[in-house]
Structure formats: structure tokens, C-alpha cells
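A closer look at the structure
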Amino acid sequence: MNRRHFLASLAAAGTQLPAAAPKNLKITSVQVLVTNPGQTTNGNYVLVKILTSEPGLYGWGDATCTGSELGVAKFLEEHLTPGMLGRDPMRIEDLWQTLFFLPYYRSGSVHMSAISGVDMALWDIKGKVAGLPVYELLGGRVRDKLLTYTSAGGRNYQEVEEGVRRLMARGYKVIKVQVSAPGLESGYAVPQSDRQRAATAQAHAEGVAPTEIWEPGPYVRTLPKLFEHLRKTVGEDIDLLHDVHERVTPSQAIVLAKALEPYGLFFLEDLLRPENLDTFRIIRQQSSTPLAMGEIFTGQWDGLNLITEHLIDYVRHDLAHVGGVTTGKKVATMCEPYGILTAWHGPGNISPITHMANAHVSLSVPNFGIQEYATGWGNPIREVFSAIPTFADGYVDVGDQPGLGIDVNEAAAKKYPYLRRLRPAIRRRDGTPWPY
Ligand code: CO
């Protein structure tokens, strides 16, 4: 849809936009909507709608921060919105900086998720004013479609292998593989045992955090055997990757990066807490396994040494937590001269609005690597959101609608209220708290 068609469609809906960018455009209202379409464990979305002085001209953004959803909603309403009312929504960078300095005690997941939601909504508005998709405003497409991956998890090697074969049959070229470790009833991105599933359901019913037991030793010894199994059974004609989720010690991280080297991973994700810079330097000396980091960063300053010392190969910043489209474009630009590629975080617990924003940035940056994309969006999601990036043969794409190309059915969203579903507390067998 080009600008002329867009204006015609607005006119048909009874809305008129002036031929040029509206003069004296102002933000008149910022609305926050918390919704959990399908009432799922991971699905509380914090949506931001910015309305303007131009009738019918508004934008949607995603401020979802799983684990702090209502904190972000309240922060937006009470501490950021008053700083935006009456200001020009076209001045995106100005507003980004204004909101960053406004609370004085700045940064962190709540503040930066709130800014991310506002930033996406402002880009959505600017695109609608221009009559162009956001990727056009960022410089235009550098590729026709986005290579993507999704996850295959199992309780044993055979289950993972079956999952990989199913995804290969759907056209996936890159697949994330996760397997349970012996003696553990849960793990990251693997199915839980029946007993753990019942315990988790019980905790959710009581409104408290479930507990999961984790031991990194069996995991570190198991993982290379999974890749050995998969390379023997599904062959070399598929790219595989894995997410450690920071669940190992620094020395175990070194062992893993070296042990996985023979299997030629696409990348190894979240190998270690990003604060362990000294260990990242050692790993780079000892292993050529490509590394990906960034999903828990909350701004363009986080992980800067990982980039400038070229200690990683892929950046995985979450555009709903680091400052939206604006920050995504800046991070990609910082990485470009180092040859570091993008792989924006794209799980199911951020809303389709961020998935659309991910796609717009990914389409427009030269140093794109891959785009994580959640599958299995249910009917309630499709009822609330007008668009989700489309998947075909291992790639995703967005259409050519102005802005981010996504609208929200607010009446439908209100049918699905916030649902408290605390994330699990991970502990060693001796009770020690451990990273999720
Ligand atoms: Co990860």
C-alpha cells in the first residue's frame, strides 16, 4: 500500500490526513493496555497507544517486559506520559532522550521497556504520516526476506531429533536445539517431567513462583552428545544453534565452547553472564564457536565491550527492552564495522508489535544475521493483533503497510486481562539460587 492508497483507505473510513505532514502535530494522549490473549503463562503484553491531534492518527508500541509487566505499565502512566503530552510525535530522537533523562535515576528493564513502547509507537506514527513502512524510513530493504529460526526441545535425543525433522519439513534452515539433562525434571526450553509440570501448575494456581532444580554439570556433559547424535542422524544440511541461558559457571562456559566446536554451530547463545568479560576474552582465545549475546540488555550501553572487543559474533538485543526501533538501528550500526551481525530476540513472550519492529529493523540493516521468530500464535493473538510477520519456507517478512503495519483490536484485548504467572525460581540441589 503506498501513501496515496493509504490516504484513500483512511478517507473511506471517514478519516482525512493532509497531503503534507501535519503542522503542529501534538501528542494528545498516551494509553497503556495490558492484555494476555489466550491467558497463557508467558503472555502478558504491555501495549502503548499514542494518539495525536490529527484525528485518526495514532501509533502502537510494545513495552512488554516479562516479570515486570505491571511495573512498566504504572511507570509509563505515572512517570513518562506527563513528559510527552503536547509534544511533537515526529521528533522521535528528541522524545527518546527526553524520556531517558526525565526520571533522573535512569535505565534498567522497567524504564527502558517503557521507552521502547513509546519509541515503536512514534515510528508507527511517522510511517503513517509518510505513508511508508518503517523499513523505508530506515533506509529501505537490504534483503527480500529474513532468515529465521525456532526451537526444538526434547527430554531425550530422539525427541529433539523428531522435532528437528518436523521443523525441517516446514522449511526451517536454522533450528535451535535444547535437551534435558539426566536426572533433571526441567531445563531451559525443554519439556518438563509430569511431576514438575504438576508442581508448576500448583504454584501458578497459588499465585507464587514455581521452583525448578538445576545442575550445570550433567548439562555440560550431555550437550555435546546431543549435537553428535543430531549430526549423525539429521546430517550436515541444516544449521543448528543452542541457548545456554547463562546457566553455567565461567569455567564450564569455556569447556562447552570448545566441546561444541566440531559440530559447527550457527551460534551458541547466552553462554555466560555478560558481566564475565574476562571469561569471554579467554573463550575467544580458545574456541571458534560463534557466540550470541544481548537479550537481557536494557540499552545501547550494555554489552559495549562485547562489541568493541569483538568478543561475540551476533547481537541479540530485545527491541522491547533496549529502546525500540531507534536503539536497534543504533546497535546494528555500532556492530557493522566489527562484522558483528544482528539476531534480535524474538520469543513468544513479547507481543507481535515487537516482532513487526524486529522485522522492519532487520530488513533495513546491512549486517543482519538471522531473526528469531516465535511460532504457534494462537487464535486469541490473531483476534487482538491485525498482523504478525508471515512465515514461508524458513523466512519471515512483513507487508508494505505504512508504519509498523499492525493494529490492535482493543475490545478483543480487554477480554483477556492480565494474569499473574510468576517466572520459576531456579535453584541448585543445595538450594543456591541460579540464573534462569
Ligand atoms: Co537466549
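Residues numbered from 1 in each chain as written. Predicted model: local features only at pLDDT ≥ 70, side-chain atom pairs only at ≥ 80, totals over all residues. Heavy atoms only, no water.

Examining helix 7 (residues 194-206)
Our working definition: Under the DSSP-based scheme used, a helix requires at least four consecutive residues in state H or I and a strand at least two consecutive residues in state E, with every element numbered from the N terminus. To estimate the expected span of a helix, count its residues, drop one, and scale the result by 1.5 Å. Burial classes follow relative accessibility: with a 1.4 Å probe on protein chains only, a residue under 20% of its type's maximum area counts as buried, one over 50% as exposed, and anything between as partly exposed. This arc describes the spread of directions from the helix axis toward the C-beta atoms. Two residues qualify as a contact provided that any one of their heavy atoms is within 4.5 Å of a heavy atom in the partner residue.
The terminal C-alpha atoms of helix 7, which comprises 13 residues, lie 19 Å apart, in line with the 18 Å expected from a rise of 1.5 Å per residue. By the burial criterion, the buried members of helix 7 are Gln-196, Thr-200, Ala-203 and His-204. Considered in projection along helix 7, the buried side chains sweep an arc of 100° and stay on one side of the axis. For helix 7, the exposed residues set more than 90 degrees away from the buried face come down to Asp-194, Arg-195, Ala-205 and Glu-206. Where helix 7 is buried, its residues contact strand 6 (211-213). Phi for Gly-207, located one or two positions after helix 7, is positive at around 75°.

A look at the pattern of salt bridges
Oppositely charged side chains can pair when the atoms bearing their charge come close. Put simply, the test is: Put simply, a salt bridge is a Lys or Arg side-chain nitrogen that is within 4 Å of an Asp or Glu carboxyl oxygen.
Counting across every chain of the model gives 21 salt bridges. Across the salt bridge formed by Lys-176 and Asp-243, the nearest N and O atoms sit 3.7 Å from each other. Taken together, the positions of Lys-176 in strand 5 (residues 174-179) and Asp-243 in strand 7 (residues 239-243) put the pair 67 residues apart, joining distant regions of the chain. The exposure class of Lys-176 is buried, given its relative accessible area of 3%.

So, the coordination of the cobalt ion
As a reminder, the rule being used: Only N, O and S atoms count as donors, using a 2.8 Å cut-off from the metal and 3.2 Å for Na, K and Ca, and because water is excluded some sites may appear unfinished. Donor angles set the geometry label: tetrahedral for four donors if every angle is between 85 and 135 degrees, square planar for four and octahedral for six if opposite donors exceed 155 degrees and the others are between 65 and 115, irregular for anything else.
Note on the cobalt ion: its protein donors are Asp-243 (OD), Glu-269 (OE), Asp-270 (OD) and Glu-295 (OE). The metal-donor distances range over 2.1 to 2.2 Å. Given four donor atoms and angles of 82 to 154° at the metal, the environment of the cobalt ion is assigned as irregular. Here the donor residues of the cobalt ion share one chain and are spaced in sequence as D-x25-E-D-x24-E. Remark: Glu-295 occurs in the loop between strand 9 (291-293) and helix 11 (304-308) and Glu-269 occurs in strand 8 (residues 268-269); sequence separation between them is 26 residues. We note that Glu-269, like Glu-295, is buried.

Let's talk about the domain arrangement of the protein chain
To keep things clear, this is the line we draw: In this document the domain limits rely on a domain assignment from an automatic tool or a database. Take the accessible area each of two parts loses on contact, using a 1.4 Å probe, and add the two losses: that sum is the buried area. Two N or O atoms count as a polar contact when they lie within 3.5 Å, although within protein this holds only if one can serve as hydrogen donor and the other as acceptor, and sequence-adjacent residues are included solely when both atoms are side-chain atoms. Charged means Asp, Glu, Lys or Arg here, nonpolar means Ala, Val, Leu, Ile, Met, Phe, Trp, Tyr, Cys or Pro, and polar covers whatever is left, Gly included.
When the domains of the protein chain are assigned, the result is domain 1 (25-132) and domain 2 (146-406). Taking only C-alpha atoms into account, the centre of domain 1 sits 26 Å from that of domain 2. Domain 1 puts 32 residues into the contact, and the matching count from domain 2 is 34 residues. Here domain 1 packs against domain 2, burying approximately 2,300 Å² in sum over the two surfaces, 61% of which is carbon and sulfur. When the area that domain 1 buries against domain 2 is broken down by residue, the three leading residues are Tyr-45, Trp-96 and Met-120, summing to 23%. Joining domain 1 to domain 2, the criterion identifies one salt bridge. Note that Lys-330 is salt-bridged to Glu-93, the shortest N-O span being 2.9 Å. Across the contact surface, domain 1 and domain 2 share 18 residue pairs in polar contact (both at pLDDT 80 or more). Among the elements of the structure, strand 2 (45-52), strand 3 (58-62), helix 3 (92-101) and helix 4 (109-130) are those that each provide at least two residues to the side of domain 1 that touches domain 2. Here the element with the most residues in the side of domain 1 that touches domain 2 is helix 4; it accounts for 11 residues. When the residues that make up the side of domain 1 that touches domain 2 are grouped by side-chain class, the tally is 13 nonpolar, 14 polar and five charged.

Comments concerning the sheet that holds strand 2
Keep this limit in mind: Paired strands, as defined in this entry, are two strands with at least two bridges between them according to DSSP. Where helices are involved, their axes are fitted lines through C-alpha atoms of the stretch in contact, as for all axes, and angles between N-to-C directions lie from 0 to 180°.
Ordered by their spatial adjacency, three strands build an open sheet running 1-2-3, and the pairing between neighbours is antiparallel. In the strand order of this sheet, the two ends are held by strand 1 (27-35) and strand 3, each with one partner. Looking at each pair of strands side by side, their axes are set apart by 20° on average, direction ignored. Those strands touched by helix 2 (residues 69-80) are strand 1 and strand 2, and its axis lies near 165° from that of strand 1. Docked against the sheet, helix 13 (residues 352-364) engages strand 2 and strand 3, running at close to 95° with respect to strand 3.

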